[in-house]
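Summary of structural features
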Amino acid sequence: MAQTGRAVDRVPPGALPTGTVTLLFSDIEGSTKRWTEHPEEMARALRRHDEVLRSAIEASGGHVFKTMGDAFCAVFWRPQDAIAAVIDAQRLLMAEDFSDVDGLRVRMALHTGSTYERDGDYFGPTVNRVARILSIVNGGQVVLSRTTAEIVRDAMPPESDLRDLGDHRLKDLVEPERVWQLIAAGLPEKFSPLRSLETLPNNLPQQLTALIGRDEVVAEVEAQMAQSRLVSLVGTGGVGKTRVALQVGANLLDGSEDGVWFIDLAPLRDPGFVAGTIASTLGVREVHERPLLETLVDYLKRKRLLLILDNCEHVIEEAAKVADAIVRGCPEVRVLATSREPLRIAGERAFPMPTLALPAPDATLAVEDASTFGAVALFAERAAAADNRFALSDENLPVVLEICRRLDGIALAIELAAARVKMLTPRQLAQNLDERFRVLTGGSRTALPRQQTMRALIDWSFDLLTASEQRLFGRLSIFAGGWTLAEVSSVCSHEQLAGGALDRWEVFDLLSSLVEKSLVVAEPAGEEQRYRLLETTRDYARERLTQSGELESVARAHAAAYLDLAHRLWEAFDETTDRVWLQQTAPEIDNWRSAIGWAVGARADVLLGQRLVAKLGDVWHSFAASEGLRWVQLASEMVDEATPTTVVAYLDLTEALLFESVGRIKSSYAPAERASLRFRELGDAMGVARAQHIAGCSLARRGQIAQGEALLEAALETFRNAGARRLMGRTLRRLATAREDAGDLAAARALYAEAHAIFKATGAERNAAAMAGFLAELEFRDGHTEAALRLATEALGDDRQINDEIHVMTSLTNAAAYLIVLDRHDESLARAREALTLAMRHDNGVLAAIALLHSAAVAALRDAGEAGDARDDRARAARLIGFVNARLGELEHQHEFTEQQEHDRIVAALREAIGDPELARLMAEGHAWDADRAVAESLII
């Protein structure tokens, strides 16, 4: 095997690089468009491009082993030679005149690693990795992988250097790649950001291992998706549907301008939450008294994105209903579903997920050839990960082939078997496997269905566990959506468990063993590790838990543990920053749902469930207010004489909070008043104050300002005495709104400012940003535009920090309005356009129209010398005003002070410049525009 660093002049003439090599991949940016617009010119340009690249590669000792369209794949013995080749190629290409095809920009990527060579072609992870690196590169840019950069860093050609571009997640979804840009004299240095997963909208999870043996399947699924907007990957558990779906999603990111979004339905036990889970992932909020699915479809109508609905089988009917509504109502949305059966709806293409490829039974293969089959490659990679002493060899290859065939090429089965090589030799592994299968099939190996094969393997893996590992494995099935070490320790240490309690360190050791044996998946989640079961193994583990007789006691321990967690988070809410609190709560939603479903939904322990529902008010408020309201109302229906008064009081309080959260202000008063009476009976001053806060807000917003303020003031005094700062801030905010509604702006400003200071001090970032926005508006109304702009800019910065795009839009439109008053038109236009982009993405018609209003203001009010043609600008502004007025009328939105004064100023300026008749005519034209026309016209300004 040749090693990197071998000199070109010592390589035998014509010898192909083998072993550890450096690969160069390149292609032309935007070639499809050029072929469409300039077919004849592009043919000539491509011939010259090919000549330049091939000449530069071969002059540096490289070998072109494949071309595909305009893409080149070349290989070098040494990375230094590859560097020389790309510098020469880029300089020569820049010197060419490609103006008749609007120029050619060639992107290039270099990566070094071991490969397999067969019939002049190269295979293996290194080849896949360099292709992934190339996919994020800009035209004209040359990028090196970490491996290549480390080798050549101290041996760069004259007038060249490397620039560290940092870590980037690639579309293979595994660990990020640190990349370096090649800097050389005569080559451009500045480029757009790399198109890695960080810069494209998605929530695709990082994978711990690479996808192996699925290139053809991924390509076939992508081809299916080009023909249909709904494709279902159908197959048995463990065959690899999810991993293929994720890879397809990553590959299709470039054509999905609004992103690729992964929705895992596995944790759901109630089919009614399918639409809610999708909406939560996309950030779609429920609208009062409107079906959530209808709101979701309306949001997606203008989107161009891909939804991956994973693990649909257990909620198949609801998943089919939701997918059907989305595909029918949203013309640019594609859906990729994974399930054990098709959704069976119109337009669906069901793709049967094949098992991994295997050689023919009678084939005689060398190790290199066998490794090109997916099943063998997967076993070899996972076995080497489990035991670094393992390597596929001529000696063990026949046994490995036997194992892979016995497992029918099922991906999960192969991974579970490969994890055993740390304890068993491949021969012992095959013997144990063979004995297990013979028992299950009565001696007939040929009659083995794949589902039985999968169950047989998990049976076998389960039987190899110790009794303690088996007990923990069964108990883990009670968790939905994953767990932390702290929570599994809490559940397993419960004194009333039928099979006995386990201490924390015992749980840790047993859990570590199950992770090592590939029965539990460990995933990093911020600073904490989370764990989960694959759905196939979770179903199996639940069966074992049921058979053990522990199900009821483990379910009770699970609900009790999550009640304790809810109580701790509720107690800590006032002193926990938004970011930390959201990180702690978001991953546990499915566990709380599961616990409530068992305790209240199944009436297994109603009181425990009532306590849990009542402690989750802030969680429901942040993530799923309507769902929480349904649980609260169900739990309240089960109240009887035996229910403790404190539980009933907190159920009433949570119901009041959630009515307020969903915009039903009037409805919040009655439960708040009931809660107040019960807390007085209990002597709970803080409970009374919490109820007074909500009741006071309800009264004030209904016009009973004096009565509402009296309750709010009483609540505020209690919170001050208790030092409950976050609750003080909330109450001050409500008092400020009441004062603003009463027309007392000075008092409102003081109250908003006090609330703002409290929220900043306690890390309540969302509320702090909102207060800054309220204060900005008050400053603007008082004529203090510079102060308003400072506050709006502060709010915008906070909104961006917490990635709250809804409030980002509001802050951008406010800042744009203030900048117009300050005659800073270019800055205003930039903010208005950004707000418009976000509003279109979120389908927010009101904020989109306000952003267009600001664009019209720039066109109407800026001086003729600033930019554009004054006559055209005024006409465009008049038409935009006509559109904005019509659009906001349709949405039943009334201008607030800031927008109204701007609107009046625009109309006055246009009336003076062009006269009433022309203004009316142009506004009528704009009135007839659709949104796409209005947006397009605004971008010309």
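Residues numbered from 1 in each chain as written. Predicted model: local features only at pLDDT ≥ 70, side-chain atom pairs only at ≥ 80, totals over all residues. Heavy atoms only, no water.

A look at the sheet that holds strand β12 (residues 305–310)
- In space, the 5 strands of this open sheet follow the order β11-β12-β13-β10-β14, with parallel pairing throughout. Two strands lie at the open edges of the sheet, namely β11 (260–264) and β14 (348–352), each paired on one side alone. Pairwise comparison of adjacent strand axes, ignoring direction, gives a mean angle of 20° for this sheet.
- Relative to strand β13 (residues 333–339), strand β10 (residues 230–234) is paired through 5 bridges, and the arrangement is parallel. (Pairing = 2+ DSSP bridges. Helix = DSSP H or I, 4+ residues; strand = E, 2+ residues; numbered from the N terminus. Axes fitted to C-alpha atoms, helices over the stretch in contact; angles between N-to-C directions.)

So, the nonpolar core
- Counting residues in hydrophobic clusters, the biggest one holds 116 residues, and the most contacted among them are L300, L307, I326, L476, W483, V488 and W592.
- Excluding its chain neighbours within four sequence positions, the residues that come into contact with W592 are Y562, L565, A566, L569, T585, L612, L616 and V619. (Core = buried A, V, L, I, M, F, W, Y, C linked by side-chain atoms within 4.5 Å. Buried < 20%, exposed > 50% of the residue type's maximum accessible area, 1.4 Å probe, protein only. Contact = heavy atoms within 4.5 Å.)

Some details on the confidence of the model for the protein chain
- Across the protein chain, the average pLDDT comes to 89, with 96% of residues at 70 or higher.
- For the stretch residues 1–10, pLDDT sits under 50, and the model shows 22 contacts to residues farther than four places along the chain or on other chains.
- Contacts from residues 438–451, a stretch scored under 50 in pLDDT, to residues over four places away or in other chains number 16 contacts. (pLDDT = per-residue confidence, 0-100.)

A few points about empty space enclosed by the protein
- The final tally for this structure, using the stated rule, is 1 cavity of 30 Å³ or more.
- Roughly 50 Å³ of internal volume is contained in the largest cavity.
- Lining of the largest cavity is provided by A566, L569, W570, W581, W592, K615, L616, G617, D618 and V619.
- Within the residue set of the lining of the largest cavity, elements represented by two or more residues are α21 (551–572) and α25 (617–623).
- Broken down by class, the residue content of the lining of the largest cavity amounts to 7 nonpolar, 1 polar and 2 charged. (1 Å grid on protein atoms, 1.4 Å probe; cavity = no way out; pocket = protein on both sides within 12 Å on 5 of 7 lines; lining within 4 Å. Points joined across faces, edges and corners; volume = space filled by probe spheres on them. Nonpolar A, V, L, I, M, F, W, Y, C, P; charged D, E, K, R; others polar.)

Regarding a negative patch on the surface
- Taken together, E37, D97, D100 and D102 make up a surface patch of like negative charges.
- Residue class for D102 comes out exposed when judged on its relative accessible area of 52%. (Patch = residues over 30% accessible without salt bridge, like charges linked within 9 Å, V, L, I, M, F, W, Y side chains within 5 Å. Areas by Shrake-Rupley, 256 points an atom, 1.4 Å probe, with all protein chains shown as cover. Salt bridge = Lys/Arg side-chain N within 4 Å of Asp/Glu carboxyl O. Lys, Arg positive; Asp, Glu negative; His and termini not counted. Charge placed at Lys NZ, Arg CZ, Asp CG, Glu CD.)

Observations concerning the packing of aromatic side chains
- Across all of its chains, the model carries 18 aromatic pairs by this definition.
- Aromatic pair Y562 and W592: ring centres 6.4 Å apart, planes at 85°, arrangement edge-to-face. Within this pair, whereas Y562 is found in helix α21, its partner W592 is found in helix α23 (residues 589–601), the two being separated by 30 residues in sequence. By the burial criterion, Y562 is buried, and W592 matches it.
- Taken together through their ring pairs, the aromatic side chains of F479, W483, Y531, Y562 and W592 make up a single cluster.
- In this structure, K615 is placed above the aromatic ring of W570, and the distance from its NZ or CZ to the ring centre is 3.7 Å.
- One cation-aromatic arrangement involves R702 over Y669; the distance from NZ or CZ to the ring centre is 5.5 Å. (Phe/Tyr/Trp six-rings, centres within 6.5 Å; stacked < 30°, edge-to-face > 60°. Lys NZ or Arg CZ within 6 Å of the ring centre and 35° of its normal.)

Let's talk about the pairing of β12
- For β12, the buried fraction is high: 6 of the 6 residues fall into the buried class.
- Where burial is concerned, the two faces of β12 agree: the one with L305, L307 and L309 and the one with L306, I308 and D310 are both buried.
- Across 5 bridges, the pairing between β11 and β12 is parallel. Along β12, the bridge assignment pairs F262 with I308.
- Relative to β13, β12 runs parallel, the two being bridged by 5 bridges. Bridge pairing in β13 places L305 opposite V333.
- Taken together, β12, helix α10 (residues 316–329) and β13 constitute a β-α-β crossover, and its handedness is right-handed. (Right-handed = clockwise from strand over helix to strand, strands pointing away.)

A few points about the environment of L510
- Along the polypeptide, L510 turns up in helix α19 (residues 504–516).
- Overall, the relative accessible area of 10% leaves L510 in the buried class.
- Discounting residues that sit within four places of it in the chain, L510 has contacts with S468, E469, L472 and L502.

Some remarks on the side chain of S668
- As for its position among the elements, S668 is in helix α28 (residues 665–682).
- A distance of 2.6 Å separates the side chain of S668 from the backbone oxygen of I665, its partner in a polar contact.
- With sequence-adjacent residues up to four places away left out, S668 is seen in contact with A656, F659, E660, I694 and S698. (Polar contact = N/O pair within 3.5 Å; in protein donor to acceptor, adjacent residues only side chain to side chain.)

Brief notes about the pattern of salt bridges
- By the definition in use, this model includes 68 salt bridges.
- Put simply, E402 and R406 hold a salt bridge, and the shortest N to O gap is 3.8 Å. Of this pair, E402 and R406 both sit in helix α13 (residues 397–406), 4 residues apart, which is roughly one turn of that helix.
- Classification of E402 by relative accessible area gives partly exposed; the value is 24%.
- Under the relative-accessibility criterion, R406 is labelled partly exposed at 23%.

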